[in-house]
Amino acid sequence: MSDRIPVILDCDPGHDDMVALVLALGSDRLDVKAITNVAGNKAMEKVNRNTLNILNWCGVEKEVAAGAVRPLVRPYNRTDTDGCHGLTGLDGFDFPADNPLKLSKRRAIEVMADVVRHSPKPVTLITTGPTTNVGLFLRAFPDLIPNIARISMMAGTCHFILTEPFMEFNAYLDAEATRIIFESGVPITMFGYDVTYSVLFRQDFTQRLLATGTRTGLMMQKLLDEFTVLHNKRWIDLGGCPVHDACAVAGVIDPTIVTRSEKMYVRIQTEPGPLSGATICDYQHRSGMEPNAEVVFAMDNQRFFDMVVESAAKLK
Ligand code: RIB
Ligand code: CA
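All of these numbers come straight from a predicted model, not from anything done at the bench.

A.B. asks: Mind laying out the UniProt feature "domain: Inosine/uridine-preferring nucleoside hydrolase" (unreviewed entry) in the protein chain, listing which residues take part and the relevant values?
C.D. replies: If you check UniProt for "domain: Inosine/uridine-preferring nucleoside hydrolase" (unreviewed entry), the listed places come out as residues 7-306 in our numbering. Along residues 7-306 the backbone is 36% helical and 19% strand, and the end-to-end C-alpha distance reaches 21 Å.

A.B. asks: Any details on the site of ligand 1? Residues and values, ideally.
C.D. replies: Around ligand 1, 13 residues are found, and the nearest of them are Asp16, Thr128, Glu168, Tyr193 and Asp245. Residue asparagine 170 places a side-chain N or O atom 2.9 Å away from an oxygen atom belonging to ligand 1. More than half of the atoms of ligand 1 fall within 2 Å of the grid points belonging to the largest pocket. Where the shell around ligand 1 is concerned, the elements lending two or more residues are helix H1 (15-25), helix H5 (169-173) and helix H10 (244-253). Grouping the amino acids of the shell around ligand 1 by side-chain chemistry returns three nonpolar, five polar and five charged.

A.B. asks: Talk me through the pairing of strand S6 (residues 188-191); I want residue IDs and the actual numbers.
C.D. replies: Alternating residues of S6 divide into Ile188 and Met190 and Thr189 and Phe191, and every residue in both groups is buried. The sheet contact formed by strand S5 (residues 148-154) and S6 spans four bridges and is parallel. Across the sheet, the residue bridging to methionine 153 is methionine 190, located in S6. Bridge count for S6 against strand S12 (residues 293-299) is two bridges, and the pairing is parallel.

A.B. asks: If you had to explain the packing of aromatic side chains to someone new, which residues and values would you point to?
C.D. replies: Under the definition given, this model contains ten aromatic pairs. Ring centres 5.9 Å apart and planes at 85 degrees place the aromatic pair phenylalanine 169 and tyrosine 172 in the edge-to-face group. A residue pair is termed a helical-turn pair when its members lie 3 or 4 positions apart in one helix, as phenylalanine 169 and tyrosine 172 do in helix H5 at three residues. Under the relative-accessibility criterion, tyrosine 172 is labelled partly exposed at 29%.

A.B. asks: Could you give an account of unusual backbone geometry, with specific residues and numbers?
C.D. replies: Its identity is not glycine, yet phenylalanine 166 carries a phi of approximately 70 degrees, on the positive side. The backbone of histidine 285 sits at a positive phi, close to 55 degrees, despite the residue not being glycine. Along the chain, histidine 285 turns up in the loop between strand S11 (279-281) and S12.

Reading guide: rules and limits
- Residues numbered from 1 in each chain as written.
- Chains lettered and ligands numbered in written order.
- Predicted model: local features only at pLDDT ≥ 70, side-chain atom pairs only at ≥ 80, totals over all residues.
- Heavy atoms only, no water.
- UniProt positions renumbered as here; feature names shortened; annotations may be inferred.
- Helix = DSSP H or I, 4+ residues; strand = E, 2+ residues; numbered from the N terminus.
- Near = heavy atom within 4 Å.
- Polar contact = N/O pair within 3.5 Å; in protein donor to acceptor, adjacent residues only side chain to side chain.
- 1 Å grid on protein atoms, 1.4 Å probe; cavity = no way out; pocket = protein on both sides within 12 Å on 5 of 7 lines; lining within 4 Å.
- Sits in = over half its atoms within 2 Å of the grid points.
- Nonpolar A, V, L, I, M, F, W, Y, C, P; charged D, E, K, R; others polar.
- Buried < 20%, exposed > 50% of the residue type's maximum accessible area, 1.4 Å probe, protein only.
- Pairing = 2+ DSSP bridges.
- Phe/Tyr/Trp six-rings, centres within 6.5 Å; stacked < 30°, edge-to-face > 60°.

Quick look at the structure:
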């Protein structure tokens, strides 16, 4: 365990969060200290249940702590039909009703503080949901910031437009928390839509997961085939489907998987208006502001898929 990278995964499962969890838990490069949940794709209770179901199915036990049940300031009014993850947040696979795993009695930022305070090595925070927990953590425990190695985020977008320019769900749902993070001085690697929509999986990939012969591979194949239908119907059909969140994990496991990125200043728009919540990326370096993030534009797709299959093969 000594040479592994200590990480905390903050997530809102969600199909692509599920891939991020499997990738992290099956990697021998990461030491997943804890998993924290944030309200995002679905409300807290569903996100908690989905996380515990994934762990139970994959045969992994980790502390899972509930966190913020809504953004710091903005309302949280997601309905059950919002988004592209179905009613449960993990439509496409029926998990066993009986699950012995239980939520931690501690809340997310308590766990983050405990892990970061006592880790002998700086901890990497990986966020794959709205940024509320990490924003809150940075505000509540500023003295622990020096022991945070990096925040690897699935958040934001530079050029890729899914709905409106510069808008991405994890960044805009809690723009104030995202702004806290980008103004914190902590090193940030931003895996936004530019890279996540350039790494699309197709049926041949999900068949590779099934071919691992593990329960985990079976679950992933069923969930991702369903996610493809849900995502392409709700958003855009590019002939494949993104696995947004897993990109932020892959970049921690092996930073060399990133084939194109650029350091730049990213401003988070929190003022009211149509672009409130936008990640305004200064890719032409006109602002005169110091870069505060490494924005990723491309990854080695094949290595990414191989990495995910390798992790799926290692779990139950
Ligand atoms: O915009 C994509 C992000 O929003 C992903 O993390 C997905 O799980 C949803 O949370
Ligand atoms: Ca997510």
